[in-house]
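Structure assessment
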Amino acid sequence: NESNRSSIFNSCDFCKFLLNSFICFYQDNKEEIERLLKSRPADTVKINLMNELCWDLEFSDPKYLFEAGNKILDISEEINYQKGIAQSLRMMGKACYVQGNYNKSTEYLTRAKTLFYEDSLINDYANCLNLLCIIYYYQSDYPEAISHYI
């Protein structure tokens, strides 16, 4: 049937469009992160912008997310920006989680959770608890998962 064939081609064209849009968006974010690293002085604005751009890469490129998180951590420590330190640790923990490295992930997330709690950043603290709960659940450590469940 001609109408079915036409709708299939339209669906394929739409999927190609979405994929191309995603690839362009992903590449643009990586380029913007690199541009910020080189051009902007080490300040909280730079760190916050980089954090925002990085979260869009969380599932598409966890290796790059970890590397960018490490760079953000260095800059945050350089200017003693506690929120930036905590956010970068969470980012690195999330990257390890996506890659299946649960031991490293719990290490980074636990450090981030502590900093978020100390700075009264409750939503970020809860996000770390949630991720830790999921990791312990995946590892069948149910008592530890329940202790992180909110």
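Computed from a prediction, not measured in an experiment: that's the story for all the values here.

Let us look at the confidence of the model for the protein. Do not read the predicted coordinates in detail wherever pLDDT is low. Predicted confidence across the protein gives a mean pLDDT of 81, with 73% of residues reaching 70 or more. When the elements of the protein are averaged for pLDDT, helix H1 (residues 2-39) gives the smallest value, 53, and helix H5 (residues 102-118) the largest, 97.

Time to look at the nonpolar core. If you look at the biggest cluster of nonpolar residues, it comprises 19 residues, and the most contacted ones within it are Leu-89 and Leu-109. Only helix H4 (82-98), H5 and helix H6 (122-138) provide two or more residues apiece to this core. Not counting residues within four places of it along the chain, the set of residues in contact with Leu-109 comprises Arg-90, Gly-93, Lys-94, Cys-128, Leu-131, Leu-132 and Ile-135. With 12 residues, the next largest nonpolar core counts Ile-47, Met-50, Tyr-81 and Ala-95 among its residues.

Spanning 17 residues, helix H3 (residues 62-78) covers 24 Å between terminal C-alpha atoms, matching the ideal 24 Å at 1.5 Å per step. Burial in H3 covers these residues: Pro-62, Tyr-64, Leu-65, Ala-68, Gly-69, Ile-72, Leu-73, Ile-75 and Ser-76. Looking one or two residues past H3, Asn-80 carries a phi angle of roughly 55 degrees, positive in sign.

So, on to the side chain of Gln-87. Summarising the element assignment, Gln-87 is placed in helix H4. Overall, the relative accessible area of 11% leaves Gln-87 in the buried class. If we ignore the near neighbours within four places in the chain, the residues touching Gln-87 are Asn-48, Asn-51 and Phe-116.

Let us now look at the environment of Arg-111. As for its position among the elements, Arg-111 is in helix H5. Residue classification places Arg-111 among the partly exposed positions, given a relative accessible area of 39%. Taking the C-alpha atoms as reference points, Arg-111 and Cys-128, separated by 17 residues in sequence, lie 9.5 Å from one another.

Let us look at H4. Spanning 17 residues, H4 covers 24 Å between terminal C-alpha atoms, matching the ideal 24 Å at 1.5 Å per step. Of all 17 residues making up H4, 14 are buried, and the element is well covered by its neighbours.

Looking now at the packing of aromatic side chains. Applying the stated rule across the entire model yields seven aromatic pairs. Seen in terms of ring centroids, Tyr-97 and Tyr-138 are 6.4 Å apart; in terms of plane orientation they differ by 5 degrees. Their pairing is stacked. With Tyr-97 in helix H4 and Tyr-138 in helix H6, this residue pair connects regions lying 41 residues apart in the sequence. Given a relative accessible area of 46%, Tyr-138 falls into the partly exposed group. Where Tyr-102 meets Tyr-138, the ring centres are 6.1 Å apart and the plane angle is 40 degrees; that geometry is what we call tilted. Placement of Tyr-102 in helix H5 and of Tyr-138 in helix H6 is noted, with a sequence separation of 36 residues between them. Among the aromatic side chains, those forming a connected cluster through ring pairs are Tyr-97, Tyr-102, Tyr-137, Tyr-138 and Tyr-142.

How each quantity is defined
Positions within a chain are numbered from 1, following the residues in the order the chain's sequence is written. Only residues with pLDDT of at least 70 get local features here, since the model is predicted, and only at 80 or more are side-chain atom pairs given and counted; chain-wide, interface and lining totals rely on the full set of residues. With hydrogens and water stripped out, all remaining heavy atoms of the structure feed into the side-chain values. Known as pLDDT, the predictor's confidence for each residue is given on a scale from 0 to 100. Per the convention used, a helix needs a DSSP run of H or I reaching at least four residues, while a strand needs a run of E reaching at least two, with both numbered from the N terminus. For this analysis, a nonpolar core means a set of buried residues of the types Ala, Val, Leu, Ile, Met, Phe, Trp, Tyr and Cys, connected via side-chain atoms within 4.5 Å. Residue exposure (1.4 Å probe, protein chains only): buried if accessible area is under 20% of the type maximum, exposed if over 50%, otherwise partly exposed. The contact rule is simple, with two residues in contact once any of their heavy atoms fall within 4.5 Å. Between the first and last residue of a helix there are one fewer steps than residues, each counted as 1.5 Å, and that sum is the expected span. Classification of ring pairs uses Phe, Tyr and Trp, with its six-membered ring standing for Trp, and accepts pairs whose centres are within 6.5 Å; under 30 degrees between planes counts as stacked, over 60 as edge-to-face, and the remaining range as tilted.

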